[in-house]
Every structure is written in structure tokens, then in C-alpha cells.
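Analysis of the macromolecular model
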Amino acid sequence: MSAEYPRLDEEEVLLAFSVEPTHDSATLEHYLSQYPEHTQALVDCSIELMMNASRADEDVQVSSDQLVEQAWRQFQAAMGSAQSSVIANPFAQLTPTAFKSMAKRLDISNLFLIRVRERAIDAATIPRRLVQRLAAELGATADAVSAYLGSPPSIASGQSFRSNVKPAVAAQISFEQAVETSQLKPAQKEALRALRD
Amino acid sequence: MPTALKHKQRDGTPYRRPPNIESWIEKLEAIDVASRLSQFARASRKHSEYVPTEVVLHFLRRAWIDGEQGQFEKIFGILLPRVEQSLRSTIWNSRIGSATDIRDEIVSRFVVLITKDCTSQSNRLDFFEIHFDQAMVALRTSVLRKFKSIAGDITTVPLGSLESDGPEVSSEVEAALEAFLSGDPQKIDDPAFRSVLFAAIDLLPQDQKQVIGLLLQGIPIDAKEKDVMTIARILQCDERTVRNRRDRACKALKAVLEKEAEL
């Protein structure tokens, strides 16, 4: 009988039950017959709803500053990681060898490319022409690469190979600083600086 | 016209907000953002212009869709204390963990729902736009069940022990309790009595709380007819077990109520 409906998890069954216009025994019976696997949860919920319904609508004084702050931090942290998982990492598919040969083709040091990949460089300072070259190498659009570079920095998980710098989520540096401190040869520095917008 | 809810019922039709919530939304859509926010900020439920939380939540979701970050943050700051308020008034002294831990967990679960809503992974917040407090009860039930599955159903002070050597239960309290247990909670008009009784029921061991809770909803312990829903069938136990649980619960409840009456 209930097989025609998709199976719902406990939370969703309870939410659906909770917003029913009435919570008489017929409603409970209906839900119990549809979701026998959630019997205990439905019984508990029906009791909580019954007790809740007869509670006075009292104003309770709450001091919520800390709660709001904590909840807001949780929200921001969750959105940060949600966003970076939604925005695809165009470097994700590169093997370490492919990564190194890409650095070679772009004529930049591995460290510089690692900093690009790890979003250690402030995206706003990266020349558009460099983004276009990266996109061409990665087989992605320049917009997709921009979106990735502009999302919050993190240690890219599941990707690592030996490097002279310890990976860490650090404050972002500017393109100029990155050019200066990424073990680039003078000619490479020149070439990169020439790309500036 | 407020935008329709997305979550669908099992017959495929979308859920709908109650008419009073719809008209609140329409009314507030017509005014400017600043006046709307100041109206949300009214803290007392008793105020005639108190905006229902369902409506506040609606505008939070809309601010996100419209990319109005500043507005979103402000409404978030108004909504969260309401979440806490709804929990403060409904969580009795719980035996599992501390009440604060449970509240934090429920609030955190609610924030997860907001996050999933913002990233379009789920539209479960629709339920909270239909009946906020009741949906919070569902969320709370779900979180409490998880706590119990970790901590077990621990009763540190058996309620039955309160009853030993106590005075006889007064006939008024006994009558009130029986009226209550006969299936119609409305029979007891005194909200103070209800509050004491429910707080006491909340402290019962889980198995007894279920029996009392189902009795109060008018479900019989047992029945000869096979198609009748009974407590014994729901809880899948013997009818005698159900009666035992009920008797133990009643003893404990009477003791608590009697103690209360003395104060």
C-alpha cells in the first residue's frame, strides 16, 4: 500500500506529520500505516505535539546575542564550504605529472601554480590574460576558472605532492607578491608582470 | 501573491500556507524594507501586530533568493531568537544531556536546514512556513530521539520513589487525573494543572510516557476488533504490558501532582 510513495527519512515524515491541520488519532493512524518504519518517532511526535498545543503562548525572555552569533558563524562556515564544493575545482582532474607539465608549458614555477591552485593569491589581482591561459590549459572557460579562483581559499584535499612550502590556509597574497616569492626566474617574472591588465 | 511553496505532498500537489500566513505576506510585501524589518522586530507575541514567525522565515528565504545579503543577515538575527524562544518554552528539564546541549543541537539542525535551503539542496523550510512551532516540535522530536539513542533512556531519580510514604492522593487531584486520562485534555481547564501534569509526563521513562501520551490522544489499550488501532498494536507489546506501564505511570504522576498540590 505504501510502496507507491517514495521512502522519506524520519525528519521529513515528522515534519509532514507536524503540519497536518489536525492531530487526532485518525491522522496518527494514517501516518503509522504509511510509515510503519517510523512508528516510534511518530508516536513520540504525536505526544510532543499534543503537549505543545496546550502550552500557553508565553513570552519567554531570552538573551540571544550569543546564540545568534554562533548560529550565524555556523551558517557562514557551512555556506563557505557549500560554495566551494559547488564551484568545481578545474585543477581537480590533474595528476601530479600533468600539473607539473602544465606549469612548464605556462613557463611558471610549480610553486606559483600551486599558489594559484590553492587560491593563495587574491583573485582580484590576477591578470585576466593569465586566467585565460589557465583556462585554455585546463580545458575550462575563463569564467569557471575565475569563479574557482574567487572562492574562499582552502587546502585542496586529495591533491598533494612534495613542495618546499607547507600547505596551509593562509591569508591571500597579491599577484605581485606571488610573482616575487614563488621561485621564479627573472625572465619568468618579467613575462608574468607583462600580463597585468 | 506570495510565491508558492515547492515541497509537494505525496499526491503531487504542493503544500500550501494557511490563509492567515498568506495574507500577512501580502500585507508586508506592500511596504518598504525598513518598515517591514521594524515590524519583524516586535518581540512580544501578545502584540496585535506581532508578525508570525512563518512570515519572518518567508522573507528570510526571499532575501536570499533576491541576493539581499544585508537584509538576509538582519532577518536571520530576528528569526534565531524566535527559534530559541520556541524551544525555551517547550523543553522541560530533560534527563538526556543538559537542556542547553539539546537546544544548541536543535538550533544547529535548524541552521543546517537554512543552509540547505540557500544551496537549493532541500526545501524542508517550507514546512516551517506552514506552521513554525509545530515543525519545530517535529525537529525537536527528531533531535531528542537521536540524543536518546546515544545516551539511552536514563532516569536518575525514579519518579516512583517520590510516592513512597507520601500522603494519600487527594480526591480532587485523582479526579482531575482520571478526567485527563479519559482522553480529552480539554476537560482540564486549568492551565497551571496542565503545565504541571505535562512536565511530570515528560519526566516519565520513555515506555510509560508513550502509553500515557497515546491514552491522552484517545487511543484504547486493546480491542477485540482487528482493524482498530490500539496502544498494544502500535507499540507491538502485550496488552498486560501496556496496562502495567500505565499503572506505574499513574502512580508516579499522582505522586508528583500531590506534591505539587502541597506547595
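Look a little higher up for the structure.
Report follows, based on the coordinates. In this text, all values refer to a predicted model and were calculated from it rather than measured experimentally.

Description of the overall build of chain B
Secondary structure summary: chain B contains 12 helices and 0 strands in total. Along chain B, helices and strands appear, N-terminal first, in the series α-α-α-α-α-α-α-α-α-α-α-α. Once local pairs closer than 6 in sequence are excluded, the contacts in chain B between residues at least 24 apart make up 61%. Per element, the accessible surface of chain B, about 12,800 Å² overall, is 50% carbon and sulfur.

Looking at the overall build of chain A
When helices and strands are tallied, chain A shows 10 helices and 0 strands. Order of helices (α) and strands (β) in chain A, N terminus to C terminus: α-α-α-α-α-α-α-α-α-α. Relative to its 197 residues, chain A shows a buried fraction of 42%. In chain A, the proportion of contacts linking residues at least 24 apart, taken out of those at least 6 apart, comes to 64%. When the accessible area of chain A is evaluated, it comes to approximately 10,500 Å², of which 52% is carbon and sulfur surface.

Re the environment of Ile126 of chain A
Residue and element names in this part refer to chain A. Within the fold, Ile126 resides in the loop between helix H6 (110–117) and helix H7 (128–138). When its relative accessible area of 7% is taken as the criterion, Ile126 is described as buried. Residues Ile126 and Leu192, 66 residues apart in the sequence, show an inter-C-alpha distance of 9.9 Å. The residues contacting Ile126, other than those within four sequence positions of it, are Ile121, Val131, Leu149, Phe175 and Asp197.

Overview of the interface of chain A and chain B
Between chain A and chain B, the residue contacts involve 51 residues of the former and 62 residues of the latter. Contact between chain A and chain B buries roughly 5,300 Å² in total, counting both sides, with carbon and sulfur atoms accounting for 61%. Inspection of the region where chain A meets chain B yields 8 salt bridges. When the shortest N-O distance is used, the salt bridge between Arg124 of chain B and Glu11 of chain A registers 3.1 Å. Sorting the residues of the side of chain A that touches chain B by element identifies helix H1 (10–18), helix H2 (25–34), helix H3 (39–53) and helix H4 (65–86) of chain A as the ones contributing at least two each. In terms of residues, the side of chain A that touches chain B owes the most to one element, H3 of chain A, which gives 13 residues. Its residues placed into classes, the side of chain A that touches chain B shows 25 nonpolar, 14 polar and 12 charged.

Cut-off values and rules
Residues numbered from 1 in each chain as written. Chains lettered and ligands numbered in written order. Predicted model: local features only at pLDDT ≥ 70, side-chain atom pairs only at ≥ 80, totals over all residues. Heavy atoms only, no water. Helix = DSSP H or I, 4+ residues; strand = E, 2+ residues; numbered from the N terminus. Contact = heavy atoms within 4.5 Å. Areas by Shrake-Rupley, 256 points an atom, 1.4 Å probe, with all protein chains shown as cover. Buried < 20%, exposed > 50% of the residue type's maximum accessible area, 1.4 Å probe, protein only. Buried area = accessible area lost by both parts, 1.4 Å probe. Salt bridge = Lys/Arg side-chain N within 4 Å of Asp/Glu carboxyl O. Nonpolar A, V, L, I, M, F, W, Y, C, P; charged D, E, K, R; others polar.

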